[in-house]
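Observations on the three-dimensional arrangement
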Amino acid sequence: MKILDRRIGCDQPPYVIAEMSANHNGSLATALRIIEQAKLAGADAVKLQTYRPDTITLDSSLPEFQINDGLWAGQTLYQLYQNAHMPWDWHQPLFAHARKLGIAIFSTPFDTTAVDLLEDLNTPAYKIASFEAIDLPLIRYVAATGKPLIISTGMADAEEIGEAVDAARSGGCRELAVLHCVSGYPAPAADYNLRTLLDMQQRFGTLVGLSDHTLDNTTAIASIALGACIVEKHFTLDRQGGGPDDSFSLEPAGLAELCRGTRTAWEALGQVNYARKSSEQGNVKFRRSLYFVRDLQAGEVITADCIRSVRPGYGMAPKHYDAIIGKRVTATVHACTPVKPELLAD
């Protein structure tokens, strides 16, 4: 997969997405600062959410539209999304600002009109949210743009993920990634079962990544070791900001740590390599080797009390100990002298 000029894959550093979501808290100035801070923290991309309350739900106070528990309790769905949504006329200045700063920007559309808006802005990629992963017509509509597509899989079972992947591919998508996700806000690390990443990669034949809703970076960094090449985290300027998503989002210092930590984890994976590493070269001299522990005259026989395996490593390797016992020395040697082949008679 390639978003703008950035290649994404297991042979590349992890692609880190800062999810703005509703953390603009109704302020365009805040949204612009979030983009700036994401760039400073080292994120590869900032992601928006593109919907209006009427494109994501219905304005109803019937019981099934009420939120009765969790972070957003006490509101209807319409009220939540009315407060959380990003005005559509903000998209152009946000896209322009991100492009000026040199950070990728794209969005999650929640209906076809959102896709049309994002196409007018020449978005470089799309993301399908976990709650929309079962909206196969929407996935096919996005796929038809030919842009790279990332699908989050929170709440979806293996069959539903397979259907979403098939819809994307049949719709024309050629660059596809699926993100393992737990749609809890926040989500406990124990729910993530990161070994699922390996199975997803094999089962669906796509790039895989993590949409992480835990409160710290441990889970996201660990996911790199299991094949995640994309990591997405919610990002805010202030966890105490009072917005609907602030409390489970990373602040700037946390996002910077995520960028460093995931890259370090990726670098540490490297490849299969048993060779001596450059950082070890200076310590080779401190390995064990064989040393004479008493003086011997030329022609004397080496007995077990004449040599020992000790540090440093300037003598012969300890594996030669048994073969050396019983040999004669060819010259006078002194205690604390390394055992060398030229000192041994054949």
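Refer to the preceding data block for the structure.
Residues numbered from 1 in each chain as written. Predicted model: local features only at pLDDT ≥ 70, side-chain atom pairs only at ≥ 80, totals over all residues. Heavy atoms only, no water.

Observations regarding the layout of surface pockets
Space inside the largest pocket adds up to approximately 690 Å³. Gln-49, Trp-72, Tyr-81, Phe-131 and Tyr-185 are the residues nearest the centre of the largest pocket, which is lined by 34 residues in total. Among the elements of the structure, strand E4 (45-50), helix H2 (53-56), helix H3 (77-84) and strand E10 (230-234) are those that each provide at least two residues to the lining of the largest pocket. Broken down by element, the residue count for the lining of the largest pocket peaks at four residues, all from H3. Among the residues forming the lining of the largest pocket, the class breakdown is 17 nonpolar, 11 polar and six charged. Taken as a whole, the second largest pocket spans an internal volume of roughly 150 Å³. Around the second largest pocket, the lining is made up of 16 residues, and of these Thr-153, Ala-156, Ile-161, His-180 and Thr-196 lie nearest the centre. Elements supplying a minimum of two residues to the lining of the second largest pocket: helix H7 (158-170), strand E8 (176-181) and helix H8 (196-204). If one sorts the elements of the lining of the second largest pocket by residue count, H8 sits on top with five residues. Here the residues of the lining of the second largest pocket sort into eight nonpolar, five polar and three charged. (1 Å grid on protein atoms, 1.4 Å probe; cavity = no way out; pocket = protein on both sides within 12 Å on 5 of 7 lines; lining within 4 Å. Points joined across faces, edges and corners; volume = space filled by probe spheres on them. Helix = DSSP H or I, 4+ residues; strand = E, 2+ residues; numbered from the N terminus. Nonpolar A, V, L, I, M, F, W, Y, C, P; charged D, E, K, R; others polar.)

Things to note about the state of the cysteines
Throughout the structure, instances matching the rule amount to zero disulfides. With no disulfide of its own, Cys-10 lies closest to Cys-229 among cysteine sulfurs, the gap being 4.9 Å. On the basis of relative accessible area, Cys-10 is assigned to the partly exposed category, the value being 45%. A disulfide-free cysteine, Cys-181 has its sulfur positioned 16 Å from the sulfur of Cys-229, the nearest such atom. Using a relative accessible area of 6% as the deciding quantity, one classes Cys-181 as buried. (Disulfide = S-S within 2.5 Å. Buried < 20%, exposed > 50% of the residue type's maximum accessible area, 1.4 Å probe, protein only.)

Brief notes about the pattern of salt bridges
Evaluation of the coordinates by the stated rule reveals 10 salt bridges. We note a salt bridge from Arg-7 to Asp-11, for which the minimum N-O separation is 3.5 Å. Here Asp-305 makes a salt bridge to Arg-294, at a shortest N to O gap of 3.9 Å. Taken together, the residues Asp-305 in the loop between strand E11 (289-292) and strand E12 (307-310) and Arg-294 in the loop between E11 and E12 connect sequence positions 11 residues apart. (Salt bridge = Lys/Arg side-chain N within 4 Å of Asp/Glu carboxyl O.)

Here's the deal with the pairing of E4
Most of E4 sits inside the fold, with six of its six residues counted as buried. Neither face of E4 is exposed, since Ala-45, Lys-47 and Gln-49 on one face and Val-46, Leu-48 and Thr-50 on the opposite face are all buried. In this sheet, E4 lies alongside strand E3 (residues 15-19) in parallel orientation, the contact comprising three bridges. Opposite Glu-19, over in E4, you have Lys-47 as the bridge partner. Each parallel crossover has a hand, and for E3 linked through helix H1 (residues 28-41) to E4 it is right-handed. (Pairing = 2+ DSSP bridges. Right-handed = clockwise from strand over helix to strand, strands pointing away.)

Some remarks on the pairing of strand E7 (residues 149-152)
Judged by which residues are buried, E7 turns out to be covered on both faces: Leu-149 and Ile-151 on one side and Ile-150 and Ser-152 on the other are all buried. Here strand E6 (residues 126-128) pairs with E7 via three bridges, running parallel. Its bridge partner being in E7, Tyr-126 is matched across the sheet by Leu-149. One crossover worth recording links E7 to the parallel E8 by way of H7, and it is right-handed.

As for a negative patch on the surface
A contiguous patch of negative charge on the surface is contributed by Asp-157, Glu-159, Glu-163 and Asp-166. On the secondary structure map, Glu-163 appears in helix H7. (Patch = residues over 30% accessible without salt bridge, like charges linked within 9 Å, V, L, I, M, F, W, Y side chains within 5 Å. Areas by Shrake-Rupley, 256 points an atom, 1.4 Å probe, with all protein chains shown as cover. Lys, Arg positive; Asp, Glu negative; His and termini not counted. Charge placed at Lys NZ, Arg CZ, Asp CG, Glu CD.)

Comments concerning unusual backbone geometry
The omega torsion of the bond from Tyr-185 to Pro-186 falls at 0 degrees, within 30 degrees of zero and hence cis. Along the polypeptide, Pro-186 turns up in the loop between E8 and H8. Cis rather than trans, the peptide bond between Arg-311 and Pro-312 has omega equal to 10 degrees. For Pro-312, the location among the structural elements is in the loop between E12 and helix H11 (321-324). The phi angle at Leu-4 is positive, at roughly 55 degrees, despite the residue not being glycine. With respect to the element layout, Leu-4 can be found in the loop between strand E1 (2-3) and strand E2 (6-7). Backbone geometry at Met-155 places phi at a positive 75 degrees, although glycine is not the residue there.

Side note on the nonpolar core
Leu-149, Ile-151 and Leu-255 are the most contacted members of the largest nonpolar core, which totals 62 residues. By size, the runner-up hydrophobic cluster in this structure holds 15 residues, among which are Met-1, Phe-106, Ile-150 and Ile-230. (Core = buried A, V, L, I, M, F, W, Y, C linked by side-chain atoms within 4.5 Å.)

With respect to the side chain of Asn-23
Note on placement: Asn-23 falls in the loop between E3 and H1. On the basis of relative accessibility, which here comes to 1%, the residue Asn-23 falls in the buried class. For Asn-23, the side chain forms a polar contact with the main-chain oxygen of Phe-235, separated by 2.8 Å. Leaving out residues up to four positions away in the same chain, Asn-23 has contacts with Thr-30, Ile-34, Phe-235, Thr-236, Asp-245, Asp-246 and Ser-249. (Polar contact = N/O pair within 3.5 Å; in protein donor to acceptor, adjacent residues only side chain to side chain. Contact = heavy atoms within 4.5 Å.)

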